[in-house]
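# Summary of the model geometry
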4 protein chains.
Amino acid sequence: TIEHLFKEIFKAAKELQEDDYRKTLLVSREQKPQDTIVSVEDVEIGGGNLQYIIGPCSVESEEQVDQVAQALKERDIPILRGGAFKPRTSPYDFQGLGFDGLKILKKVGDRYGLKVVSEIVNPNHIEEAADYLDVIQIGARNMQNFELLKEAGRSDKPIFLKRGLAATINEFMNAAEYIISQGNDQIVLCERGIRTYETATRNTLDITAVPILKKETHLPVFVDVTHSTGRRDLLLPAAKAAIAIGADGVMAEVHPDPATALSDAQQQMDLDTFHQFMNELQK
Amino acid sequence: TIEHLFKEIFKAAKELQEDDYRKTLLVSREQKPQDTIVSVEDVEIGGGNLQYIIGPCSVESEEQVDQVAQALKERDIPILRGGAFKPRTSPYDFQGLGFDGLKILKKVGDRYGLKVVSEIVNPNHIEEAADYLDVIQIGARNMQNFELLKEAGRSDKPIFLKRGLAATINEFMNAAEYIISQGNDQIVLCERGIRTYETATRNTLDITAVPILKKETHLPVFVDVTHSTGRRDLLLPAAKAAIAIGADGVMAEVHPDPATALSDAQQQMDLDTFHQFMNELQK
Amino acid sequence: TIEHLFKEIFKAAKELQEDDYRKTLLVSREQKPQDTIVSVEDVEIGGGNLQYIIGPCSVESEEQVDQVAQALKERDIPILRGGAFKPRTSPYDFQGLGFDGLKILKKVGDRYGLKVVSEIVNPNHIEEAADYLDVIQIGARNMQNFELLKEAGRSDKPIFLKRGLAATINEFMNAAEYIISQGNDQIVLCERGIRTYETATRNTLDITAVPILKKETHLPVFVDVTHSTGRRDLLLPAAKAAIAIGADGVMAEVHPDPATALSDAQQQMDLDTFHQFMNELQK
Amino acid sequence: TIEHLFKEIFKAAKELQEDDYRKTLLVSREQKPQDTIVSVEDVEIGGGNLQYIIGPCSVESEEQVDQVAQALKERDIPILRGGAFKPRTSPYDFQGLGFDGLKILKKVGDRYGLKVVSEIVNPNHIEEAADYLDVIQIGARNMQNFELLKEAGRSDKPIFLKRGLAATINEFMNAAEYIISQGNDQIVLCERGIRTYETATRNTLDITAVPILKKETHLPVFVDVTHSTGRRDLLLPAAKAAIAIGADGVMAEVHPDPATALSDAQQQMDLDTFHQFMNELQK
């Protein structure tokens, strides 16, 4: 029938269009079938081996960061995280130590031979931050801060890009495209939970975003188990699911004394819990 | 300070209240610390061993169901599913074969020694359906059809209860409570994805609902990988994540010829794909 | 170019398809361009004059209902609501007085010459309920209880159908189609808020659903300001918006003593507030 | 009983805490009970008189802007909008004319005596943009771009702040707090729809956010009917609802030839439609 014919043409045209669109994206696997491996100097992200990025929510003091770094060293985890520029809902919450935080991070990183990653929120800071950081993070609230993305695209540092609070997978891929379109293809995508009606967790971990992103793009994909769940008791199960579904790595927050943390006190692991967490994942 | 004191009282009072409430629920682990094992005659769900429930979206013919049953037999999967009363968005979509469908299911089940499960949507049908079914399913659209839940609670068959389209975990637990409060504690909970803004998948699989439900209740928890993702390419990764995070079983739809299926043509596996799916999960 | 040609065919085909589909629905305005007026005996809903449905969340006693009925009579509001079969999240919450509640409603309605509406949740009750009720309500949790919808479609009473907790507008229209397809076209649609991430209100009032439903269907459309907002301070502004955007009526809950109400204590108006509410809307 | 006592303490403590928190916010009505009137030179926003902000999605040419400005002049609407820095999902979509766009806007604004508003996306541009603009807009994607907010707070221009794509009302108020905490209290809040599962509209207009924001803060509140609905046929009904519920103004997009628009072709009004829109609202 004519109706059936129309439907077939319709489907064909739709697929053609979508195909075309995907091909225009430099992040798409149609453009580049093989996996991108992100090189943080000698540490590789993507390409088969599982990686971890661990550290406190906020850099609070050298001693605090040092304690976490020691624990990483013990577990042979090569990448340390710590927030210095903190995007907080309220202007009266702790805003981070800024460049002083980055300096602490670098100093401790150098001490233990760890790579360091931290979030940058101002396009003007990207260049200076590169002196201290091995990887520049762009956080969920800035996933569509296109000025920041473009500046990150002009950096020669790898970019760790988090999915927006309520971003679609398509918007997430296009955010990465803003970076790669400026010349920087060293991008790690990070699923960190999305905003839904469910209040049992801080966000809803969209676990199937991982295989979708792995299929649609050639970039490595991480899962941030801390922000996606917001619950200490879910970090380990979420990490197991992330690894099983094919994530290239897991990000989690660890603090020597979570109860006194200046941010995210509810969801960070203490050092003992962290060791149990790693014991479970590495057995 | 007084403010601090208030906060402490506040927290204590809140915890007390929540605690009290949880204790009132018969499904809660505080009421019964050990895992409930649901016995489908000699087949056990829960208690450590992984289970599968597999079959077509709709029962269409004896031949169709027979082909799927054969495949289950080959893989030693003891529970067959198939829809006979289909809750469809439009009244003009295929509504299922009704009791004729249940009869086909039972006949084929008996032939291969398989237990059978199917959805019942009318409280009046629960009793008659028990003649044909080993497990009665209550679907997502009926999770808060309390008349149906209460009737299911008076049945002596195990109940397979799916989470509602946009139900909170708390509402899901309370729906199970409607069943158990009538005397039937043989309940399997099934996470099947929730409704969010993301359109890359049919629903968003709320994977951390599994450990939350395992912690809060003593009931076994399944993951329906078909309806949560709505995409054939995500069934295997979703199943891996479900198993890794501690689900007691996986439900998936299999059809001998998905392209001609009367419902859910996009998301059912054909028999070859099903065997690959099981090969991957059982290796 | 060929691409452009394809796009045009694509668009044309898509429009044709959607058009065709809409035409198949009996609730659609393409099927019946003129407004349906729902006749509750001599009271008309739809067709230009604004209507109100007011009453307590639950019928608790004859005296309670009588007080509200008096207030309605004073304001010349001809339709009284009151819940007798209450679908509650927990089985241990007040479940309503059942048929005794319907009898109270009818008795008080007769006393003041008011039409009465109440929710029915079991397909088996539709017929008996028709002895007491002028309008049968199907609630949000049962919007896709298709057995109930079909039974309502066989009734000769008008049906007041609420949008599901997280139903799309398309699903809502199809739920009404289940009713009309059985022969009953006396249907009032009621927007009552949808489930979103926002917690400042109980639900998010989807105000533009009103003009969409008025455009797509020929049925009258109400707004339930009580359940959409869940906040007493928002009832009046929400009602103003509903009227301005073209709703055929407003539903709101009123209780002589909300603080002691057996359900929804937070959101019902007392009689004074109700009179102020009506003063504002009728000035 | 002790339980009851605890509940009362609990409630009292909770209210105290929330109260305290609200009092700390400079945007809160508890801090400043009377309405803030935002002065755009001699044009006032807030304080009782209804205002409109109208113009094309993007500034494309002087002629295009001139045509819209003429229409505004005819209707005595004193504020013209037009995008010059466009935050687009894809880096390959039209990104706006940048400062050239602002210059066109100013030139045309001066010609007709209109105030002009445009979105700024880079903290570095705020100062220079002040040479061209009477009001600086911060868009939905940048609602939690705190660097931009803080810079806006140091400007002496009024700020038009849009609610984020999926921001809570609480986050929205805190975003405004970032601005006011730097000294600038000339802030207009703009509800522009939130992200939900419903696809019939581009976003879901959260109409009750208007009375909530009016109650919680002392700032004027606008409704952007274009982005909240994304549908030309809903602009008028949405505007009626916005006005009825107490909004201080309405923002809408108008383009001389929407079909050829470089962005948002689907949702802008042409000039005739705009005049009908205003005829309906002003009658």
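Residues numbered from 1 in each chain as written. Chains lettered and ligands numbered in written order. Predicted model: local features only at pLDDT ≥ 70, side-chain atom pairs only at ≥ 80, totals over all residues. Heavy atoms only, no water.

### Digging into the overall build of chain A
A tally of regular secondary structure across chain A gives 10 helices and 10 strands. Here the C-alpha radius of gyration of chain A, 19 Å, is about what a compact globule of 283 residues would show, namely 19 Å. Looking at the 283 residues of chain A, the share that counts as buried comes to 65%. Long-range contacts, defined as pairs at least 24 residues apart, comprise 69% of the intrachain contacts of chain A with a sequence gap of at least 6. Only carbon and sulfur atoms are counted for the fraction: they give 47% of the accessible area of chain A, which is about 10100 Å². For chain A, the distance from the average position of its 32 positive side-chain charges to the average position of its 44 negative side-chain charges is 3 Å. (Helix = DSSP H or I, 4+ residues; strand = E, 2+ residues; numbered from the N terminus. Rg over C-alpha atoms; globule rule 2.2 N^0.38 Å. Buried < 20%, exposed > 50% of the residue type's maximum accessible area, 1.4 Å probe, protein only. Contact = heavy atoms within 4.5 Å. Areas by Shrake-Rupley, 256 points an atom, 1.4 Å probe, with all protein chains shown as cover. Lys, Arg positive; Asp, Glu negative; His and termini not counted. Charge placed at Lys NZ, Arg CZ, Asp CG, Glu CD.)

### Structural notes on the sheet that holds strand β8 (residues 187-191) of chain D
All names here are of chain D. Spatial ordering of the closed barrel is given by β3-β4-β5-β6-β7-β8-β9-β10, a layout of 8 strands whose pairing is parallel. Sheet twist, expressed as the mean angle between neighbouring strand axes with direction ignored, is 25 degrees. For strand β5 (residues 115-119) and strand β6 (residues 135-138), the ladder comprises 3 bridges, and the chain directions are parallel. What sits directly across from V117, in β6, is V135. Sheet strands in contact with helix α7 (residues 209-216) are β8 and β9 (221-224), and its direction is about 160 degrees off that of β9. (Pairing = 2+ DSSP bridges. Axes fitted to C-alpha atoms, helices over the stretch in contact; angles between N-to-C directions.)

### A few points about helix α10 (residues 271-282) of chain C
Residues and elements named next belong to chain C. The end-to-end C-alpha separation of α10 is 16 Å, in line with the 16 Å expected for 12 residues at 1.5 Å each. When we look at burial in α10, the residues that qualify are L271, F274, H275, F277, M278 and L281. Mapping the buried residues of α10 onto a view down its axis gives an arc of 160 degrees, with all of them on the same face. When the buried face of α10 is taken as reference, the exposed residues oriented beyond 90 degrees from it are D272 and Q276. Sitting at the head of α10, D270 places a side-chain oxygen 3.3 Å from the backbone nitrogen of D272. (Expected span 1.5 Å × (residues − 1). Arc of directions from axis to C-beta. Polar contact = N/O pair within 3.5 Å; in protein donor to acceptor, adjacent residues only side chain to side chain.)

### Description of the environment of V223 of chain C
All names here are of chain C. Inspection of the secondary structure assignment puts V223 in strand β9 (residues 221-224). Considered as a pair, V223 and T168 are 55 residues apart in the sequence and their alpha carbons are 16 Å apart. Among residues more than four places away in sequence, those in contact with V223 are C190, E191, L205, V210, A242, A247, G249, V250 and M251.

### A closer look at the sheet that holds strand β3 (residues 51-55) of chain C
Spatially, β3-β4-β5-β6-β7-β8-β9-β10 (chain C) is the arrangement adopted by the 8 strands of the closed barrel, whose pairing is parallel. Adjacent strand axes in the sheet meet at a mean angle of 25 degrees when their direction is disregarded.

### Observations regarding the relation of the copies chain A and chain B
Mapping chain A onto chain B leaves a residual RMSD of 0.0 Å; the transformation is a rotation of 180 degrees accompanied by 0.0 Å of translation along its axis. Considering both components of the superposition, the chain copies are consistent with a two-fold axis. Among all residues of chain A, the minimum C-alpha distance to the rotation axis is found for A241 of chain A, at 2.1 Å. A share of 100% of interface residues in chain A that are also interface residues in chain B marks the association as one of identical surfaces. (Least-squares fit on C-alpha atoms with pLDDT ≥ 70 in both.)

### What to know about the domain arrangement of chain A
All names here are of chain A. You can read the domains of chain A as domain 1 (1-33) and domain 2 (35-282). Placing a centre on the C-alpha atoms of domain 1 and another on those of domain 2 gives a separation of 34 Å. With 10 residues of domain 1 in contact, the opposing surface of domain 2 contributes 15 residues. Roughly 1100 Å² is buried in total at the junction of domain 1 and domain 2, and carbon and sulfur atoms are behind 48% of that figure. Interface area lost by domain 1 to domain 2 is led by V27, R29 and K32, which between them contribute 59%. Seen at the junction of domain 1 and domain 2, the total is 1 salt bridge. Applying the counting rule to domain 1 against domain 2 returns 9 residue pairs in polar contact (both at pLDDT 80 or more). (Domains from an automatic or database assignment. Buried area = accessible area lost by both parts, 1.4 Å probe. Salt bridge = Lys/Arg side-chain N within 4 Å of Asp/Glu carboxyl O.)

### Topic: the interface of chain A and chain B
The interface is formed by 31 residues belonging to chain A together with 31 residues belonging to chain B. Together, the buried faces of chain A and chain B total about 2300 Å²; carbon and sulfur atoms form 68% of this surface. The largest share of the area that chain A buries against chain B comes from Y197, E198 and T208 of chain A, three residues that together contribute 23% of it. Taken together, chain A and chain B are joined by 4 salt bridges. Residues K215 of chain B and D233 of chain A are paired through a salt bridge, measuring 2.6 Å at the closest nitrogen-oxygen approach.

### Quick look at the environment of A175 of chain C
Relative to the helices and strands, A175 of chain C is located in helix α6 (residues 169-180). Each C-alpha atom of the pair A175 of chain C and K162 of chain C lies 9.7 Å from the other, and the pair is 13 residues apart in sequence.

### As for the pattern of salt bridges
Residue and element names in this part refer to chain A. Applying the stated criterion across every chain yields a total of 88 salt bridges over all chains. Across the pair R111 and E62 runs a salt bridge whose closest N-O atoms are separated by 2.4 Å. Of the two residues, R111 is situated in helix α3 (residues 99-112) and E62 in helix α2 (residues 62-74); the sequence distance between them amounts to 49 residues. D248 serves as the salt-bridge partner of K214, at 2.6 Å between the closest nitrogen and oxygen. Separated by 34 residues along the polypeptide, K214 in helix α7 (residues 209-216) and D248 in the loop between α9 (235-244) and β10 (249-253) bring together distant segments of the chain. Across this residue pair, the class does not change: K214 and D248 are buried.

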